[in-house]
Amino acid sequence: MGDRNSGEPGVYSHLSFFNRLAVVAVVALVCYGVYYTIGKDNRRESVERARSLHNLHQIAYAMHQYHAEFGSLPPAVIFDQDREPLHSWRILLLPSMSYHVLYAGCNLNEPWSSARNTKWLDTWTVPQYQVPKDSAGGNARIVAVTGDGSAFPYDHCTSFEDFSDGLNNVVILAIVKLPQSKWYAPVDLLIEDLNALRVSILAVAFADVHVHWLRENLTADALRAACTIAGGERTEVSELVAY
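What you see is a predicted model; the values in this text were computed from it and never measured.

S.K.: Would you explain the packing of aromatic side chains in this entry?
M.R.: For any pair of aromatic rings, the description consists of the separation of the ring centres together with the inter-plane angle of the planes. In the structure shown here, the tally under the stated rule is eight aromatic pairs. Between Tyr129 and Trp183, the ring centres sit 5.7 Å apart and the planes meet at 25°, which makes this aromatic pair stacked. Here the residue Tyr129 occupies a position in the loop between helix 5 (115–121) and helix 6 (133–136), and Trp183 occupies one in the loop between strand 4 (171–177) and strand 5 (189–190), the gap between them amounting to 54 residues. The pair Tyr129 / Trp183 is uniform in exposure class, with both members buried. Joined through ring pairs, the aromatic side chains of Trp89, Trp112, Tyr129, Trp183 and Tyr184 make up one cluster. Positioned above the aromatic ring of Trp213 is the side chain of Arg49, whose terminal nitrogen or guanidinium carbon lies 4.0 Å from the ring centre.

S.K.: Whenever I open this one, the side chain of Ser114 confuses me. Can you help?
M.R.: With respect to the element layout, Ser114 can be found in the loop between helix 4 (100–104) and helix 5. A polar side-chain atom of Ser114 sits 3.0 Å from a polar atom in the side chain of Glu110.

S.K.: For this particular structure, what's the right way to read the nonpolar core?
M.R.: Most often, soluble globular proteins have nonpolar side chains that are buried together. In terms of nonpolar packing, the biggest core is built from 44 residues, with Leu56, Leu94, Tyr129, Phe163, Leu173 and Trp183 touching the most fellow members. The dominant element in this core, judged by the number of residues it contributes, is helix 2 (residues 17–70), at seven residues. Excluding anything up to four places from it in sequence, Trp183 contacts Arg90, Ile91, Leu94, Leu102, Leu121, Trp124, Val126, Tyr129 and Arg141.

S.K.: Before we go on, may I ask you to explain a negative patch on the surface in this structure?
M.R.: Taken together, Asp148, Asp155, Glu192 and Asp193 make up a surface patch of like negative charges. Mapped onto the elements, Asp155 comes out in the loop between strand 3 (140–146) and strand 4.

S.K.: Please explain the pattern of salt bridges as it appears in this structure.
M.R.: Side-chain pairs of opposite charge can arise where the charged atoms are in close proximity. With the rule as written, the count across this model stands at four salt bridges. One salt bridge connects Lys182 with Asp122, and the closest N-O pair in it is separated by 3.0 Å. Within this pair, whereas Lys182 is found in the loop between strand 4 and strand 5, its partner Asp122 is found in the loop between helix 5 and helix 6, the two being separated by 60 residues in sequence. Taking the relative accessible area as the measure of exposure, Lys182 reaches 39% and is therefore partly exposed. Notably, a salt bridge pairs Arg224 with Asp221, separated by 2.9 Å at the nearest N-O pair. Within this pair, Arg224 and its partner Asp221 are both found in helix 8 (residues 220–227), separated by three residues, close to a single helical turn. The class of Arg224 is partly exposed, set by a relative accessible area of 24%. In this structure Asp221 comes out as exposed when scored by relative accessible area, which is 53%.

S.K.: What's the story with unusual backbone geometry in this structure? I'm lost.
M.R.: The phi torsion of most residues other than glycine is negative, and most of the peptide bonds are trans. Despite not being glycine, Arg83 has its phi angle at roughly 65°, a positive value. Considering the arrangement of structural elements, one finds Arg83 in the loop between strand 1 (77–79) and strand 2 (85–88). Positive phi, normally seen in glycine, also occurs at Ser98, with a value near 70°. Position of Ser98 among the secondary structure elements: in the loop between helix 3 (89–92) and helix 4. The exposed category is assigned to Ser98, whose relative accessible area is 56%.

S.K.: Explain the environment of Gly232 to me, please; I cannot follow it from the model alone.
M.R.: Assignment of secondary structure puts Gly232 in the loop between helix 8 and helix 9 (237–240). Spatially, the C-alpha atoms of Gly232 and Asp165 are 6.0 Å apart, while their sequence positions differ by 67 residues.

S.K.: How should I be thinking about the environment of Arg198 in this particular structure?
M.R.: Inspection of the secondary structure assignment puts Arg198 in the loop between helix 7 (194–197) and strand 6 (201–206). Residue class for Arg198 comes out buried when judged on its relative accessible area of 9%. Sequence-wise, Arg198 and Ala220 are 22 residues apart; in three dimensions their C-alpha atoms are separated by 5.8 Å. Among residues more than four places away in sequence, those in contact with Arg198 are Leu214, Arg215, Glu216, Leu218, Thr219, Ala220 and Leu223. Side-chain polar atoms of Arg198 contact the backbone oxygen of Leu218, separated by 2.8 Å.

Analysis parameters
- Residues numbered from 1 in each chain as written.
- Predicted model: local features only at pLDDT ≥ 70, side-chain atom pairs only at ≥ 80, totals over all residues.
- Heavy atoms only, no water.
- Phe/Tyr/Trp six-rings, centres within 6.5 Å; stacked < 30°, edge-to-face > 60°.
- Helix = DSSP H or I, 4+ residues; strand = E, 2+ residues; numbered from the N terminus.
- Buried < 20%, exposed > 50% of the residue type's maximum accessible area, 1.4 Å probe, protein only.
- Lys NZ or Arg CZ within 6 Å of the ring centre and 35° of its normal.
- Polar contact = N/O pair within 3.5 Å; in protein donor to acceptor, adjacent residues only side chain to side chain.
- Core = buried A, V, L, I, M, F, W, Y, C linked by side-chain atoms within 4.5 Å.
- Contact = heavy atoms within 4.5 Å.
- Patch = residues over 30% accessible without salt bridge, like charges linked within 9 Å, V, L, I, M, F, W, Y side chains within 5 Å.
- Areas by Shrake-Rupley, 256 points an atom, 1.4 Å probe, with all protein chains shown as cover.
- Salt bridge = Lys/Arg side-chain N within 4 Å of Asp/Glu carboxyl O.
- Lys, Arg positive; Asp, Glu negative; His and termini not counted.
- Charge placed at Lys NZ, Arg CZ, Asp CG, Glu CD.

The following block contains the structure:
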């Protein structure tokens, strides 16, 4: 192979202008392919994150529809006489989202896991309850914050009049990374479990229906203060959310 400084023709010097142009074009196409693939993945993630928040907002709005009709939020779970869970708020909220046929076909006197109910409910998909995997980094679901002091205690139903901390300061719903389960299963977020599950809580809906992704460095104590309806804590929304 010749050296450029020796006067002998090298491999590079034998490349015609068009060959050099072809090499440049190939390199450019490879770079564009990498850029396009990364950009496409980022765009898909952005779209699915937006869809997740939209679904969360839709459920929060349906809670207001339910409240307008019944004067309270739905119970976290309805129990049978032995205190065994029958159905969660997800089933009770269906008419407020215009799923009248789905709701009518569910037997509320049998548990959600009965053969008849699972056969019926498994034939339906409720998009509002779904969280795209790309937006959450894995399996996740929309849950209610439940337990003593929250919007969804297990022994009674709350009214917005009970929210002395203000609707704009109280978290009622969340997107949480959890093992995959039926969309209608009574799986929710106990306020007592906030410490253990803090890193799994991705986004929240406030009682006034605004929704946000949470800040990664948010502490469980700050989030717990925002999940009580009448605790007297005043946590600024700007301290909780990622804008």
